[in-house]
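Each chain, written out:
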Amino acid sequence: MKRILTFIGVFFFAASLLAKSVTPAASLPTYYQTLQGKSGKSLFDAVHAVTKVGYSSLGYDGLWSAYQYTDLHDNGYVWDMYSDCTWKSITSNHCGSYKNECDCYNREHSIPKSWYGGSTSGPGCDIFHLVPTDGKVNGIRSNFAFGEVGSADYNKHGNKRGSAKSITITGGNTIAGNTGASISCSGTVFEPRDEYKGDFARAYFYVSTAYHDMKWDTNYAQYVTNDSYLTFTPYLIEVLLQWHRIDPVSEKEINRMDAISSIQHNRNPFIEYPELVEYIWGNKQGVSVNLSELVRTTSEE
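Source: prediction; values computed, not measured.

1. Here's the deal with the packing of helix H2 (residues 40–52) against helix H5 (residues 197–210)
When two helices pack together, their arrangement is given by the angle between their axes and by how far apart the axes lie.
Next up, step 1: The geometry of H2 relative to H5 is characterised by a closest axis approach of 8 Å and an angle of 100° between their N-to-C directions. What the angle tells us is that H2 and H5 run roughly perpendicular. Where H2 abuts H5, its residues Phe44, Val47, His48, Thr51 and Lys52 lie against Tyr206, Ser208, Thr209 and Ala210.
Next up, step 2: Partitioning the contact of H2 with H5 into residue classes produces 4 nonpolar, 4 polar and 1 charged.

2. Points about the sheet that holds strand S5 (residues 149–156)
Next up, step 1: Pairing in this open sheet of 4 strands is mixed, and the strands run S4-S9-S6-S5 from one edge to the other. Of all strands in the sheet, those with a lone pairing partner are strand S4 (145–146) and S5, marking the two edges.

3. Description of the pattern of salt bridges
Next up, step 1: With the rule as written, the count across this model stands at 16 salt bridges.
Next up, step 2: With a closest N to O distance of 2.8 Å, arginine 141 and glutamate 108 form a salt bridge. Of this pair, arginine 141 sits in helix H4 (residues 135–141) while glutamate 108 sits in strand S2 (residues 105–109), and the two are 33 residues apart along the sequence.
Next up, step 3: Put simply, aspartate 194 and lysine 197 hold a salt bridge, and the shortest N to O gap is 2.9 Å.
Next up, step 4: Residue aspartate 194 is classed as exposed on the basis of its relative accessible area of 51%.
Next up, step 5: Among the charged side chains, a salt-bridge network with shared partners connects Asp258, Arg267, Glu272 and Arg296.

4. Observations regarding the nonpolar core
Next up, step 1: Core analysis: the biggest nonpolar cluster contains 77 residues, and Leu35, Trp115, Phe232, Phe270 and Trp281 have the highest contact counts within it.
Next up, step 2: Apart from the residues within four sequence positions on either side, tryptophan 281 is in contact with Phe44, Thr174, Ile175, Phe205, Ser208, Thr209, Leu230, Ile237, Leu241 and Phe270.

5. Section: helix H3 (residues 62–70)
Note that an α-helix has 3.6 residues per turn; residues three or four places apart therefore point the same way.
Next up, step 1: All of the buried residues in H3 are Gly62, Leu63, Trp64, Ala66, Tyr67 and Thr70.
Next up, step 2: Where H3 is buried, its residues contact S2, strand S3 (130–134) and helix H7 (251–263).

6. Quick word on the packing of aromatic side chains
Next up, step 1: All told, the structure shown has 21 aromatic pairs when counted by the stated rule.
Next up, step 2: With a centroid separation of 6.2 Å and an interplanar angle of 75°, the aromatic rings of tryptophan 216 and phenylalanine 232 are classed as edge-to-face. Placement of the pair is tryptophan 216 in the loop between H5 and helix H6 (234–246) and phenylalanine 232 in the loop between H5 and H6, with a sequence separation of 16 residues.
Next up, step 3: Through successive ring pairs, a cluster of aromatic residues spans Tyr82, Tyr116, Phe146, Phe190, Phe200, Tyr204, Trp216, Phe232 and Trp243.
Next up, step 4: The ring of tyrosine 211 has lysine 52 lying over it, and the distance from NZ or CZ to the ring centre is 3.9 Å.
Next up, step 5: Here the basic side chain of lysine 88 rests over the ring of tyrosine 77, its NZ or CZ set 4.9 Å away from the ring centre.

7. Here we look at the packing of H5 against H6
Next up, step 1: At a closest axis distance of 7 Å, the pairing of H5 and H6 adopts a crossing angle of 130°. As summarised for this structure, H5 and H6 are arranged oblique, according to the angle between their axes. In terms of crossing hand, the pair formed by H5 and H6 is left-handed. Within the contact between the two elements, H5 uses Lys197, Gly198, Ala201, Arg202, Tyr204 and Phe205 and H6 uses Leu236, Ile237, Leu240, Leu241, Trp243, His244 and Ile246.
Next up, step 2: Among the residues making up the contact of H5 with H6, the classes are represented as 9 nonpolar, 2 polar and 2 charged.

8. Focus: the state of the cysteines
Next up, step 1: Counted according to the given criterion, the structure contains 2 disulfides.
Next up, step 2: Across the disulfide from cysteine 85 sits cysteine 102; the S-S distance is 2.0 Å. With the S-S bond torsion at -85°, the cross-link from cysteine 85 to cysteine 102 turns out left-handed. One end of the pair, cysteine 85, is in the loop between H3 and S2; the other, cysteine 102, is in the loop between H3 and S2, and 17 residues separate them in sequence.
Next up, step 3: Cysteine 85 sits in the buried class, given a relative accessible area of 5%.
Next up, step 4: Across a sulfur-sulfur distance of 2.0 Å, cysteine 95 and cysteine 104 are joined as a disulfide pair. Judged by the torsion about the S-S bond (100°), the cysteine 95/cysteine 104 disulfide is right-handed. Like cysteine 104, cysteine 95 is buried.
Next up, step 5: Sequence-ordered numbering of the disulfide-bonded cysteines in the protein chain gives the connectivity 1-3, 2-4.

Cut-offs used in this document
- Residues numbered from 1 in each chain as written.
- Predicted model: local features only at pLDDT ≥ 70, side-chain atom pairs only at ≥ 80, totals over all residues.
- Heavy atoms only, no water.
- Axes fitted to C-alpha atoms, helices over the stretch in contact; angles between N-to-C directions.
- Helix = DSSP H or I, 4+ residues; strand = E, 2+ residues; numbered from the N terminus.
- Parallel < 35°, antiparallel > 145°, perpendicular 65-115°, else oblique.
- Contact = heavy atoms within 4.5 Å.
- Nonpolar A, V, L, I, M, F, W, Y, C, P; charged D, E, K, R; others polar.
- Pairing = 2+ DSSP bridges.
- Salt bridge = Lys/Arg side-chain N within 4 Å of Asp/Glu carboxyl O.
- Buried < 20%, exposed > 50% of the residue type's maximum accessible area, 1.4 Å probe, protein only.
- Core = buried A, V, L, I, M, F, W, Y, C linked by side-chain atoms within 4.5 Å.
- Phe/Tyr/Trp six-rings, centres within 6.5 Å; stacked < 30°, edge-to-face > 60°.
- Lys NZ or Arg CZ within 6 Å of the ring centre and 35° of its normal.
- Left-handed = near helix turned anticlockwise from the far one by under 90°.
- Disulfide = S-S within 2.5 Å.

Okay, structure coming up:
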């Protein structure tokens, strides 16, 4: 359940309520001050640098032990964003093989690793977008892109897989176009449950800036590019924008970032300052960031 901690000057119309407060520019970590006054590509590059501050790779094998700090419910069970399965032990029940749901869980690349050559280094082991999920559902998701499903051939736990539907741009002038425009994608996509759509969107925006300068596989050109500015295509950006807007940052998401920060030693600027998404991809493109007015999410009130 989302909750409001503080309102200062901004109200988000959304399905859930956002935990937030404003942090004065003088109190921000030094690396966030580098965003002051920037817009467009220069802001994108500055956020890229922020995502790298303190970063120390856990390695792919290190994810199993990391999950005991980042992805447990209060009752000690693994927090699975794809299913309702319950695993009490973080150190066992790893896939391996599976036949049915709840047999085991694995390390889900929410951004398919095939999009960047199959590596388990770089984004391939960055815990901000790798989450524990049921092996069976993960297999159903496969390496299909996230998107809005039109006709579903799988529909369970609030997740859907099926043919992609066109989406209408709803957020004003965005990097994908103008309000009212329709943008489409062909083929099969996977749509996660509503309560985690924003979580996945902000993980994607993080990877988009943190790893935009690596080589992306153009076999997936409906979704990724090798543009010097954009990592994802207009269709995927617009999907993520809409998910970011309808599902604001939750306490669960903030707590996960704090735990990741303690072991991977960097943070996700789009969880900490969700408005940055609008300045880079959304309806505040071209507007210079004023840190004294930037809304920050926090769990410390």
